[in-house]
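The primary structure of each chain is shown beneath.
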Amino acid sequence: MTTTYGRQVSTLVQHRSERSPSVNSERTLRAIGRVGQAVNLAVERFVTVGETIADDNPEIKQDMYDACKEARAAGSSIERLCEITATDPLGYPPPDGPLSDRSAMIRAARALLSSVTRVLLLADIVVVKQLLLAKDRVARSLCRMEQVANFTEFVKAFSVFGAEMVELAHVTGDRQADLKEERRRAQMAAARQVLERSTMMLLTSSKTCLRHPECPDSRENRDTVFCQMRRAMDLIHYVVKDGVLESVVDRLSPRGAGQVDWDSERASAFTSLKHFSRLIELSRPQVTETTPKVIGNSDIVEETPTTRELTRSSSVRDRRIEAGGRSKNRTYASLERELLPPASRSAEAAMLGLSSVLVPETRDQLLAALDKVVEKTQDFTDSAYTTHEHRENILLLCDRAKLELNQLLRIAVNTEPFATNTTDIDGAIESVQSAGQDLSQQLVLAVSDQVTELGHVIKAGIDVVNSLRNIALNQELDRLQECADRFHDYIDHILEVCKLLRHIALSETLQVQAKFMEINLKIYAPQVITAARALSAHPSSKIAKENLEVFVDMWQWLASDVSTVSKEIIEMAQAQTKPDKTEYLSLPRPGKHGTTSKPLKPTRLDQEEQEKIAKAGLEMKMLTNEMDAETDKWNGASDENNDIVKRAKNMSSMAFSMYQFTKGEGTLRTTQDLFTQAEYFAEEANRLYKVVRQFSYQVPAGQPKKELLEHLDKVPTYVQTLQFTVKDPTVGKAATFVKVDHVIQETKNLMNVINKVVTTCFECANKYKLDFSGLSGRVAAGSSRDDEGGSGGAGDSKGATTSTEGGM
């Protein structure tokens, strides 16, 4: 609603009256009157909701009423101004009318914006209060469950806890969708995931502790789950209330701008490198030169300053860069900086407290930034799982970066007395950037090698966990300790990889995921051994065995998360740090307008995107259930040669795999997998269309045949629409998600009409006792005269899900 009347108010403010008695002017004035009424009506509805919220929350009641009163007055003022403008019967605006200079409308619009903002902020306070109250209720329920002494009390307490957890999941999900900062959304998602996964462990560990109160291992299991759930709720509290973004003043201050990127909780090797590269690029010296400007037709010439970047001299370094083409190391902020005008770059540098590398303060900041980079690389060199070759390369590249920076500073010092003749500094800056880029590539290579081994480590850990069950049941304590030692080694290896993955994660979502994967593994993975010890102490206890199974499931979830997130981080980091290759071609490259669009890399849907298409996915599942039910009816009335049943089942299988994709499950992992599956689905629908077309020739004329053909004739249209949707090119994550949504919708539409076709075929077959054998052969023989079905793909798809290297 606020967006709608905001657009209307903007139109009013920008309106320029034309003193013309034309019909268009008269229509415009009438439209202005209607818009004023619409704005006032929208404001009235808005403040009515605000006043309702105020009645339910006494602590903000007076402030909310005051804000609503101001909003209502501003809306009425806008309507009155529009009415005055539109009342002239001839269509002329008054000479000194309210819209002639727009000042009155601007004041009313500003008053409306201010009051509406106050209403929204007060309403947000209420939402935050409700969320914190829900969190506190869950915390109290946890305390009650921790203090119960028997099963009866525990069952009652857990029942209350379950209902309150559902409410908390609901309000935190809404809040997560409303959060604007990516990091806060990821933190909220991590906290909600811990609460969701820990609930089952809380149940089994509490039951085991109540059944065997003398067992310290079962109590440790339970206490660990309680502790982790409380930490998750503390994180929710922090994100909702204490995790406030820096103020604009803090961000614009020199210290705030520097600290935010690399000296806070977000500090990692890549963020430190990014900050260092940004400082280097912004410290690039600039000089001003005067350009003559002729004023009018006179001979008076005015000298006006213009800014240009320094040109490099033909030094050895510059000749080397020029010989190799354009430097490949313009990364991070430098690429963005090239798109900015010189004035904007100077403003950004001034905001950071930087003038140029000629200034001593700038040199100190550059040295401190490089020291932070070297400090962060120590996690890579100190890791026991980093190879000797990678360790040596990282140390050498750190030394190279120091040497290049020292060379840059020496040139700056030598050039400082001659500020207008600093031609070597630009080339030295390029060398420093190149060293930073090479270091980032080496860090990615070091982690990539460890991730390659990660699959074997996780598999070995799963094997150990699976053997723990039998060892615990047989009470083989020596073997249990041996397995525990090996399992801890695997955990340490995975934790080390998680730490390095966070260092090279480029997005804040992946950084948060890597961080909380490490935390959850460190806490929950050792509890598998603890649960096994509890089972070995009570091998006949069903509840202890169930408790071990639940902790094993948690370990497998975490291991799966590590595999998935590590792949995403490596792919993104490799794409970012890949050196640019300049190609020189004498002829235009093939494609539209002489270019070939680069295919986008297959991506995965995040949790928020999965939630958005969950409804469409559920509808898809219901359609597959209907299809399966229809094909099951044919089993008793058809033989193995029933091509309609075969293809219908095949399409049902494909649609079900697409439904699993919307939940983040199944064999379809990336968006490209989904698009490939949709192509096969369309081809299979095309083949089914041809088979049913041949079948329709056997159906006698009448209402059943007419109904069959009506449904069948819709299939080619839906097939073509789906094919066009799949082949539609996209750029960017948002556009790709829109394409995913459209593909799911079009597949659902095609599946719906196929269901109707199969149902009608079954009715015709039962009524007329028709034969299905040999339909595929007749389709092949009669394909030349069957033009309505289009060209089917070669071969049988059978639910193919192979991902290609092509684009979206």
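Residues numbered from 1 in each chain as written. Predicted model: local features only at pLDDT ≥ 70, side-chain atom pairs only at ≥ 80, totals over all residues. Heavy atoms only, no water.

Visitor: For the confidence of the model for the protein chain, give the residues involved together with the corresponding values.
Guide: Averaged over all residues, the pLDDT of the protein chain is 76; the fraction at 70 or higher stands at 70%. Long-range and interchain partners of residues 89-93, a stretch whose pLDDT sits below 50, account for nine contacts in this model, where long-range means more than four residues apart. Here residues 95-99 is modelled with pLDDT under 50, and outside its nearest four sequence neighbours on either side it reaches 13 contacts, counting other chains as well. (pLDDT = per-residue confidence, 0-100. Contact = heavy atoms within 4.5 Å.)

Visitor: Pulling in residues and values, what's your account of the packing of helix α25 (residues 715-727) against helix α26 (residues 733-768)?
Guide: Interhelical geometry of α25 versus α26 gives an angle of 165° and a closest axis separation of 9 Å. Judged by the angle between their axes, α25 and α26 are roughly antiparallel. Note on packing geometry: the crossing formed by α25 with α26 is left-handed. Across from Val-715, Tyr-718, Val-719, Thr-721, Leu-722, Thr-725 and Val-726 in α25, the residues of α26 making contact are Lys-739, His-742, Val-743, Glu-746, Thr-747, Asn-749, Leu-750, Val-753, Ile-754 and Val-757. Counted by class, the contact of α25 with α26 contains ten nonpolar, five polar and two charged residues. (Axes fitted to C-alpha atoms, helices over the stretch in contact; angles between N-to-C directions. Helix = DSSP H or I, 4+ residues; strand = E, 2+ residues; numbered from the N terminus. Parallel < 35°, antiparallel > 145°, perpendicular 65-115°, else oblique. Left-handed = near helix turned anticlockwise from the far one by under 90°. Nonpolar A, V, L, I, M, F, W, Y, C, P; charged D, E, K, R; others polar.)

Visitor: Outline the packing of aromatic side chains, supporting the account with residue identities and numerical values.
Guide: Tallying each qualifying case throughout the model produces four aromatic pairs. Between the aromatic rings of Phe-656 and Tyr-659, the centroid separation amounts to 5.6 Å while the plane-to-plane angle is 45°, which identifies the pairing as tilted. With Phe-656 and Tyr-659 both in helix α22 (residues 643-662) and three residues apart, the pair spans about one turn of that helix. We classify Phe-656 as partly exposed; its relative accessible area is 33%. Every member of this aromatic cluster is reached through a ring pair, and the members are Phe-154, Phe-158 and Phe-161. (Phe/Tyr/Trp six-rings, centres within 6.5 Å; stacked < 30°, edge-to-face > 60°. Buried < 20%, exposed > 50% of the residue type's maximum accessible area, 1.4 Å probe, protein only.)

Visitor: Break down the environment of Arg-144 for me, with residues and values.
Guide: Looking at where Arg-144 falls in the secondary structure, it is placed in helix α4 (residues 103-147). Residues Arg-144 and Phe-158, spaced 14 residues apart in sequence, show a C-alpha to C-alpha distance of 9.0 Å.

Visitor: Any chance you could break down a negative patch on the surface for me, citing the residues and the numbers?
Guide: Residues Asp-478, Glu-482, Asp-485, Asp-489 and Asp-492 make up a contiguous surface patch of negative charge. Within the element layout of this structure, Asp-485 appears in helix α17 (residues 477-504). (Patch = residues over 30% accessible without salt bridge, like charges linked within 9 Å, V, L, I, M, F, W, Y side chains within 5 Å. Areas by Shrake-Rupley, 256 points an atom, 1.4 Å probe, with all protein chains shown as cover. Salt bridge = Lys/Arg side-chain N within 4 Å of Asp/Glu carboxyl O. Lys, Arg positive; Asp, Glu negative; His and termini not counted. Charge placed at Lys NZ, Arg CZ, Asp CG, Glu CD.)

Visitor: Describe the side chain of Ser-696, listing the residues and the values that go with them.
Guide: Inspection of the secondary structure assignment puts Ser-696 in helix α23 (residues 671-696). Judged by its relative accessible area of 1%, Ser-696 falls in the buried class.

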